[in-house]
Every structure is written in structure tokens, then in C-alpha cells.
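Chain and residue survey
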Amino acid sequence: MVLEDPTQMNLLGAALLLGVGLFCIMSQNNLIKVVIGLEILAKAAVLAFIALGGASVQGYVIIIIAIEAIVAAVALSIVVNVWRHSGSLDASDITELKG
Amino acid sequence: MLLDDSILVTLIVLLPFISVGVIALMRKMGETVIAGVGVVFSLITAVLVFLLVPDIFGSGATAITESYDWIPSAGIVFGIYIDPLSLLLALIAAGIGFLVMVYSMKYMEGKKGLARYYALVMLFIGAMVCLVLTDNLLILYIFWEIVGLCSYALISFDVEDKKAANAGIKAFVVTRVGDIGLIVGIFLLYAGAITIPGTTVAQAFSIQYLISNAAAIPMQFLALAAFAFIIGAMGKSAQLPLHAWLPDAMEAPTTISALIHAATMVNAGIYVLARMAPVFIQVDGWTTALLYLGGITALVAAIMALVEPDLKRLLAYSTISQLGYMVFAIGLGLGGVFISGFHLMNHAIFKALLFLCAGAIIHSIGTRNMYEMRGLRKEMPKTHIFMLFGTLALAGIPIFSGFWSKDLIFHEAYSLELTIPLILVVLSAVLTAAYSFRMYFLVFGGEGKRREKAHPAPAAMWIPLAILGIGAIISWITVDYFSSGFETFGFADVHAHPIGDFIVDTFSSTAVLLSLLAILLGLGIYSARNSLKQGYISQWIIWAARKGFGFNWLYDACVRVVRWCGRRIRRLQTGDVNINTVGFVLMVLLIFLFLLFQGVI
Amino acid sequence: MLVLLPLLLLIIGAYIAYAAGRMGASRDNKLLAGATASVFTALAFIIALLIASDVWDSATGSVEYTIGSGLLRVDALGIFLILVSTFLTLMVSIYSTRYMRDDSRLEHFFPLLLLMTAGIVGIGMATDLFTIYIFYELMCIASYVLVVFRKEKWDAVEAGMKYVVLSAAGSAIALFAMALIYGQFGSFDIDVIMGEAIGGSMAMATVILLIVGFGVKAAIVPLHTWLPDAHSAAPSGISAMLSGIVIQTGFIVLLKFILVFEGVTAVWQVLIGLAIVTMTVGNIMAFVQFGSRRPDLKRILAYSSIAQMGYIILGVSVGMAYGIEAGIRGGIFHIMTHAFMKGLAFLCAGAFIMRISTRNVKRMQGIGYAMPFTAFAFVIAALSLSGAPPFSGFMSEWMIFKAGVDAVVDIGWIGILIALIVLINSVISLGYYLPIIRTFYLKPKGRLLGAKRAPTAMLIPIVILATITLILGIWPELGLQAVEPVVDFFVSLGGGF
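Everything in this summary refers to the structure shown in the same document. All residue numbers refer to positions counted from 1 along the written sequence of the respective chain. Whichever chain is written first is A, and whichever ligand is written first is 1; the rest continue in order. Under the rules for a predicted model, residues below a pLDDT of 70 receive no local features and side-chain atom pairs below 80 are neither given nor counted, while totals for whole chains, interfaces and linings still include all residues. Only hydrogens and water are set aside; all other atoms, that is, all heavy atoms of the structure, feed into the side-chain values.

**A word on the overall build of chain A**
Each helix and strand in chain A was counted, giving 3 helices and 0 strands. Radius of gyration: over C-alpha atoms. The globule rule applied is 2.2 Å multiplied by the number of residues raised to the 0.38 power. Its C-alpha atoms give chain A a radius of gyration of 17 Å, more than 25% over the compact-globule value 13 Å for 99 residues. Expressed along its principal axes, the backbone C-alpha trace of chain A runs to roughly 50 × 25 × 20 Å. Whether a residue is buried, partly exposed or exposed follows from its accessible area with a 1.4 Å probe, protein chains only, as a fraction of its type maximum: under 20%, in between, or over 50%, in that order. Burial analysis of chain A (99 residues in total) assigns 42% to the buried set. Secondary structure elements follow DSSP: runs of H or I no shorter than four residues count as helices, runs of E no shorter than two count as strands, and numbering proceeds from the N terminus.

**Let's talk about the overall build of chain B**
When its secondary structure is counted, chain B shows 27 helices and 2 strands. For chain B, the C-alpha radius of gyration of 25 Å lies close to 25 Å, the compact-globule estimate for 601 residues. Along the first, second and third principal axes, the C-alpha atoms of chain B reach 85 × 65 × 60 Å. Counting only residues that meet the buried cut, chain B has 61% of its 601 residues in that class. The contacts of chain B with a sequence gap of at least 6 include a subset with a gap of at least 24, amounting to 80%. Carbon and sulfur atoms make up 68% of the accessible area of chain B, which totals about 21400 Å². Each charge class in chain B was averaged separately, 36 positive and 33 negative side chains, and the resulting centres sit 17 Å apart. We call two residues in contact when some of their heavy atoms are within 4.5 Å. The accessible surface values rely on the Shrake-Rupley method and a 1.4 Å probe; as for residues, cover is taken only from the protein chains in view. Neither His nor the chain ends contribute to the count of charged residues, in which Lys and Arg are positive and Asp and Glu negative. Where a charge lies is defined by one atom per residue type, namely NZ (Lys), CZ (Arg), CG (Asp) and CD (Glu).

**Details of the environment of Gly21 of chain C**
Structurally, Gly21 of chain C can be placed in helix H1 (residues 5-23). Expressed as a C-alpha distance, the spacing of Gly21 of chain C and Leu274 of chain C, which sit 253 residues apart in the sequence, is 43 Å.

**Some words on the interface of chain C and chain B**
At the junction of the two partners, chain C supplies 74 residues and chain B supplies 61 residues. In total, chain C and chain B occlude about 5800 Å² of area from one another, counting both sides; carbon and sulfur atoms represent 79% of this. Summed over both partners, the accessible area (1.4 Å probe) lost when two parts come together is defined as the buried area. The largest contributions to the chain C side of the interface with chain B come from Ile208, Trp398 and Arg438 of chain C, which together make up 9% of the buried area. A carboxyl oxygen of Asp or Glu within 4 Å of a side-chain nitrogen of Lys or Arg is what we treat as a salt bridge. Connecting chain C to chain B are 1 salt bridge. Here Glu160 of chain B makes a salt bridge to Lys443 of chain C, at a shortest N to O gap of 3.3 Å. N or O atoms closer than or at 3.5 Å make up a polar contact, with two conditions inside protein: a donor-capable atom paired with an acceptor-capable one, and, for residues adjacent in sequence, both atoms drawn from side chains. Linking chain C with chain B are 9 residue pairs in polar contact (both at pLDDT 80 or more), by the criterion used here. Examining the composition of the side of chain C that touches chain B, we find that 13 residues originate from one element, helix H18 (residues 414-441) of chain C, more than from any other. For this scheme, ten residues count as nonpolar: Ala, Val, Leu, Ile, Met, Phe, Trp, Tyr, Cys and Pro. Four count as charged, namely Asp, Glu, Lys and Arg, and the remainder, Gly too, count as polar. Split by residue class, the side of chain C that touches chain B holds 54 nonpolar, 10 polar and 10 charged.

**Brief notes about a positive patch on the surface**
Residue and element names in this part refer to chain B. Exposure above 30% relative accessible area and the absence of a salt bridge qualify a residue for a patch, where like charges join within 9 Å and nonpolar side chains (Val, Leu, Ile, Met, Phe, Trp, Tyr) within 5 Å. Taken together, the side chains of Arg563, Arg567, Arg568 and Arg571 present a region of like positive charge at the surface. Turning to its location among the elements, Arg567 is positioned in helix H26 (residues 551-572). Under the relative-accessibility criterion, Arg567 is labelled partly exposed at 45%.

Worth remembering: the numbers are spatial, not functional.
If you want it as C-alpha cells, here you go:
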């Protein structure tokens, strides 16, 4: 299968976005920013869908966005609980369980 | 015939396991009831096994074979194949098992967890009988593991005692290392045999099929499997360097030491080697490896027995040493298979006797240290007589059972002109005689300085002793019976030994001189012990032997290596959210590099 | 219609359990939510059994049901997953009815449990990669919430945070891979995709992203880091579910996606390598746990789950790579035996924790006298997990091991090496299970306040699971009946065969 040019550009963009998302999760100390990283990853996937599927993937994309919203809500609710317990959103503070 | 063979075999296979369930259900009942049920079931098992004797040892007898479909999906069949070799082991397991059960009634009286004890012993007897009767290597391995599990659970029987619990763990882990060898060997044989056209899965695991098709199995599989089996036998039969669990296993109740760690389970390794010898005999160096493994083990263990103050540990080292003889005997070639089995039988009887005597003594005075015993001759007269029989058999004094089989080993090694291995075993025979005398005189000689007097063994304990004691004198007479059985079944290089010829042959060969020399030298070493202890070299040897020649250090080192790795790996589990996600990048890189190397990308 | 019923029952059950939970908010009626959930799961399990006989008897090896334009199909792998998951859920929900009695918000707990199982059941029925993904997310989201269910405890929150970050990132990466699949095939329908031959760098990129994405749930090292935290912090019933079936489902989902590329042997070789690393790391980590100052029983079990995942992945991958039936049989059978024995181990651990309020193994010294049944059941689970006969774990482990040796013909002596590593791992696993057993039966130190026989409602599932662990060890054919069609299914795919 030959990828057409704009498709390739979009796919490249999606792959870059994936890298950005991963980097965000790896480097950010603030838990909110980590969750934002997760969202960037999800958006990278959505972009890849659109890049490769065009109009035919509308349905998929909407479902994915809905699911990602639920995941984000759950993740944020856990962040809220972290805040309630420790009064901090610092990722390096939540290292009690290790080894 | 009272019972049809196939019904008989099915009963033998099932009954012990049914009894485990029955005893487990009766755990709330009284001690006597549980013990009684255990003894009755073991008696029935023993009787059923003995009923097989006429079918196997009669003239013109053929093997009894059965097969039960067990896991049809994987093609696994529970095959039974009974010939003199397997029946011999089954007789020992069921017979000595029954005697030990009777002995336990008194010995274990008042202990906690008796239902567990009897259930496990019955499970052990059943598993051991199945182990030797089965024709399928995979089934053999399963029962091999089950007897290991029983051994672990019974060593740790006194669960509140941390020392016993640790000894159990050590025994289980070390034998499991040996089991790796066995299972690798089994599957290698399978992988080799399955390449023979027309072989089914069930056949590739069948011992008889492997023996009859040994020549067709590719050599690279056969050679590796042969040595893997030796490692398997090393673990269970406590050969160097996997022997160190056996002395520690003496934390078990003495009945268990007698049954599992002297008479039966430790013989499983010997049995497997003897059983598979016709397959492996064509592998270069296999017999030589066995000769040296057995010879060195016999010698080293005898040295350690010579310096051991603990009666049960001394007997354990002695068991290791005697097992070395049996491995050595198989190394003598196919003719040695019979000799090994013969020595195995004699040893099982006299070593079970020695352990049970030791048990009676420990039961009576509550210590295992021989230096605290002394002078028990008058206080425990019956135990003294039977232990004397056992000691004489162990030392290889003529007409006692140990003499005949040991002499047969010397004779065979002598006629094959295996000089260095022969020196090894004769030297260990010297030391065996020396430590036997040392043990006897330490326990029974001199005058006791104990406060409370020892009480003689009760009837439930000395009757089994008497039966085994008589066995230690006369068990060699069955040589006629067994050797002709082996010959009938077409074991290569085994000839019938009619009893008269056997006696004449034994005393007219040069080897008998070696046996007698060994006893005299042993006596000499024992009487010159005080002056010998002064020598520089002997002091060094004594120091090393007391340290167990560093094998325990070796085991600890292995554990330390794993733990060291673990501590390093543990640091990688930082528990940090950010660092956790680095795993993604790491994994992508790993897979990418792998695919790159494979040339897929 | 029958085919759809287990899924429907679980979803409807979730709503009814919620309603029942709300009604029973007062203390006397706290059983209501759990009882409702148990009844619905039991129904789902029974109907799954009915479907199972249809599936195994049918000539095509699957049963189909059309709903609108969509198609649901239960094949051998699907019914295997449904049977194991609904059964384990049934055990866990009976257990949790009593175990969670003192918790609040039970009206959330049981519906979430049922939804998680509904996700697994849905994965078993889907014929479309995107449907699989939706059900997979359903399972994941429910499990996030369940791990953090006791949000008043810090370790649950911390573990949940790590879990959700890693798992959601993994899902997103898998989703990216799905986009690539769509780009290559233009469809998500498995029937359409499977026939297409595919290769090249695009396919390889997809494979890498799929393994990395779903590898999080399957706890493949180095993406296992969430597992020990989440498994030890979650309520014990949930730990049993996570260890017993959820991570295995993660692997099965990975399998379903990767089967698209199954012709490429290198894919399976990658998984073999990862599996070996996974089992070794898992076992060694569990081993050092016991040496630490406060060894956490559930954490040891969690690490052991990582190791067991290694066995499963190894078995299936060796089987697929070199066409060795024993490998697939062992791997799939191990999913079943592991679900029961690890579920059992976690349920026992939960009973101990409930009675003496600590996860520290050293403080459980002598618990075997205070809680004889539970401790004995744990001994069965531990021995089975360390691969001792006559328990079920032994049966599945030797099959996996046999696969390694069978592979000698194809990969030379590396096969023996693989087999040796598996065996050495099983020796290491003895090194941490036996000391736990020892600790349970040493003389009590007098700190076992409150340790008494576990409540009956908790003992029932424990006894049932222990019995199954024993029976599958003595008579494995019983379990292999469900496994054998799965093996046939994989064989029919071709690949290495």
C-alpha cells in the first residue's frame, strides 16, 4: 500500500505528538501535567486515525474521544485524592510504594 | 491365584491414595484410631505387593503390564510395567513402610498432627510404589516430585521447630535442582525418540519402548539425556555435590529418616539409573562418570561419617556413602544393575534397622549425641543385639548381608580391572568399617554417665527391629531368587546365582581378600584413632570434614548470588510515576534492536 | 440470543446491583448488592457453560449472533475467557460480600466488578478489533476505580495513580497502533484482516507499538512497574481478579491483535525474549521481597504474578513461533490454573489481612493454628504456584517446559536453555513460597490478636478454589477439555504449524 503525501505528513505529525506526549509523562513532575500528557498521547492516536482513515473513521474517532474523556475524568479524580491526602501534586512525592 | 493381576495392580496403585483421604477425614478421631487405620492400610498395601511375587519370580514369568489413559489430550498414558527390578523396589517400599508404620505407633505417640503424619507416610508409600511400577517416564517424574514433596513435609513435620522447617526447605530446594536434570533428561529422550518414524507420544515416554529402540535415538539427544539423568539421581540419591540436604534432613522424626531417607526415596535415583542403564550404556563415558561419581561420594561421605558426633547424621553420611556404592555398581555395566539392586535391598534393610534402633535409643534417652550415650548395652539389650547386626552388616563382616553385595561389587570391579575406582571403593570400605566400629563402641561401649536410666524399647518398637535384624542376616539368601528372576526377564549380563555356587564363588575369588583386608584395616584405624588424630594431615582432613568440605558454603553462595541480583533489580522499582514510563521507551528500543538484528526491519 | 446473554446479564446485573446497593445502604441490608451481583454472575456462568457445549460441538468451532449490522462470535478462545472470568468473578463476589462488609459505597463496588467482567466477556465475543478495544477500555476503567476503591487509604491512591498513568498511556499507544492497522488494511474486521499477507516496516512498527501498548496490562517487564503497587493496594478480591484474569486478558487482547501478523516468526521471538526476562525478574523480585524487613504478602504474590505471566507468554509464543502444540496447550492451560491458584492465594491473603490487619508476612507467624482452613488452602495455592505435584500448577508448567524442549528441533540448544531457565525459575519460586509456609506454622508470637476462623462466606470460595486446584492437578483432562479447542483454534490459524 502506498501512502499518499498529505497522509504521510499527518502521520508524521501524529508520531511526533506521540513523542511529545510520552516526553510529557516522563518529564513533568506535576500530576496534572502528567494527565495532560496522557491526553496528548490519546490525541496523537486520534490524529493517526484521521491521517490514515480520512472521513471513514468519524465514528471511531468520536468513540475514542468519549473513552479518553472518561479515562481523563478517572485520572483526575485520583489526582484529587492524591491532593487530599498529601496536599501536593508533586509526582516525586508519591513514591512510598517501591522495591 | 486369588486375585486377577490387573485388579491387583489397580488396587496397589489406588489403595494408598484412598487411605490418605480416609486418614484425612478421620483427623479428629483418637490417636490410636488414626494409627490403627494407617497400619491396616499399609499392611494391606504390603500384602498386595507381596502377592505379585509369585507372578514375577516364578519360572517363565513375564512382565505384568497395564495402562490407564490419564491425559488423553496430551497423549499421556499411565503405563504399568512390573519386572523383578521394579518389584524389588516396590517390595522394599511397601514392606519397610509397613514395619515403620508399626514402629510409629509407639514412637510417635502423643505427638501433634498425627493424622498429617500417617496421611503423608501413606501418600509417600503410594507414590514410591507407583514411581517404581510405572513404565511412563513422565508419570515417574510426577511421582518423583510427589515423594520429594512428602519428604519435605515430613522433614518439617515438627512445624514449630524452625530448624526442622529450614531443613525441609533445603531438602526440597536442593533435590529440586537435581529434578531439573531428570526432567530435562526425560524430555530430551522424548525429543530424540519422537524422531523415530511411527513413534507416538505415549511411546516416546515409555521406558520399555526406549530400551528396545535405544539404538535408533539420535546420539546427541541420548548423550545429553544420559548425563542429565545422572544429575537427577544426584539430587534424590544424595550424591556429591547435591548430597548436603540429607544430613540436615535428619531433623525429621527417626521413622521418616528410616523409611524415606535410608530405605526408599533415596533409592529412587539409583532405580532410575538402573532402569535406564540399557538405554544409556551406549553413551561413551557414562559408566566411567558413574564409577567416579559413586566412588568419590562413597569415600568423601565415609570420611565425614568418621568425624560426626551426631548418631543420626552419622547414619545419614553412611547412607550417602552406601548410595555411592550403588551408583558405582551401575557404572560397572549392565551386569552391575543386578549387583546394584542387590546391594540396594541389603542396604535398605540394614540401614532401616540401624535408623530404627537409633530411634529407639533417642526415644529412650532423648539425645542424638553419641558421646552422651555410652554403655547402653545393658540398659537396652534387645536394641543392642539388633543394632549390632545392623552394624556388622554395614561394616561388611562375612555372612551378614552387607558383606555379600559389597564383595560382589569388588569382584566385578576387580575382574574388569578398574584399578583407580576399585581403590576408591575399597578405601571407603575401610573407612566404613572404621566408622561402624566407632559408632558401635560410642553408643554401647564404656559406662554411661547419664542421670536417668534408659528404658528398653516397647514391643511395638522392637518387633519391627527383630524382623529387620533377621533380615540383615539372611536377606542375601534371596540372591538365588532375584538373580534368576533378572535372568528370566532378559536383563543383559545377569546370570542366575544358585545359592551354593554363590557362596563358593564369593569365597574363592580374590575380591574376598579385599573385603577382609578392608575390615582389618578399618579395625586398625579405629584402634589407632588416638595416635592417628595427632598427624598433621589427618587433623587437616578432620577439620575439612567437620566443615562438610564446604558444600554448604557453595549452596549459600548460590542463594547469595540470586539475592545480590535481586537487590540490584529491586532498585529499578523506584515507584516513581515518571520513571515508570521510561519503560515504554526502553521496550520500544529493545524490540526495535531485536528486530533489526533479525533483519526483519 | 443465548450468546449475548452472559454479557447482558453482567451489564443488567451491574445496574440492579447498584439499585440493590442503594436500597441496602443501611447496615442490615449490606449483603444485598453483593448477593445480587453473585446471582447475576452465577447466571452468566451457567449460561456460558451452555454456550460452551455448543461452541465445542459445532463444526466451525464457534457460535455466532448477529445484532444489527454487528456480529458477535464466541469461539474456543472466547468461551475459555468467558468461563474462567465469570467463574472467578463469581468466587470473588461471594467472597467480597463478606470481605467488603465494613466498607462504604458497596453500591459502586459490585457494579464495577461486574462491568470489569463484562469487559472481559465482551473481549471474548468481539469479532472486530475496535470492539475489542472498547471492551478492553471498559475493563481498564473499571479496574482503575476498583484499585482506588478504598480511597481513604494512601497506598490505594498512590498505586491507583501509577496504574492509571501507565495503563492509559499504554492504551493510547495501542490505539496508535490500531490506527496503523486501519491504515494498512482499511478495516478492523478480523475476518477481513486475517487473510491478508502483510510485512514490511509499517507492520513491524505496528507490532512494536502493540506489544508496548498492551504489554502494560500483560505486565511484561519493563512495563510491570504498576503491578506490584496496584495488586497489593487493591482490596483482596480485586487483587485476585487483577492477577487471576485481568492481566491475562491483557495478553489475550495482545494475542488477538498480533495474530494479524502471526506469520512473522520474529514477533513471537520478541515475545519469547520478553517472557524470559519477565519471569526471571518477577521471581527474583518476589524472592528478595521475602528478605526485606517487612515482607508484604500481597506484594510477593503480585511479583509472582509477573513471573507467571512470563510462563504464559513463553508457552504461547514458543507454540506459535515453532508450531508446538504443547506450548499453546501449556500457556492457555496455565491461564486457567493460574486464575484459580493465584485467585485462591489472594483470597486467603485477604482473609489473613482482614483478621490481623497487616500484610506483613512476619507478623503472620503461627497463623496456621488460628486459621487452619485458610492457611491450608494457602499452602495448596503456594505449592501449586511453585509447581509441585499433585497440584494444577505443576501440570501446566511442565507442558510449557515441554514446549521449550520440543523447540530444540527448530532453534537448537537454545530450546534447552529456555527450558532450563523455566526450571531454575521454578526453583527460585520455591525459595519464597516455602518460607511463607514455614512462617505460617511456626510457634505464634502472641501478636495474632483477632486471628480466628475466616467467615463462612469467605471460606466457601476458598474451599472451592482449593478443591479445583487439587482436582486439576490429579485429573487435568477436566480443564483441558476447555483448553483443547483453543489449541485447535490456534493450530487452524496456520503460522508456525
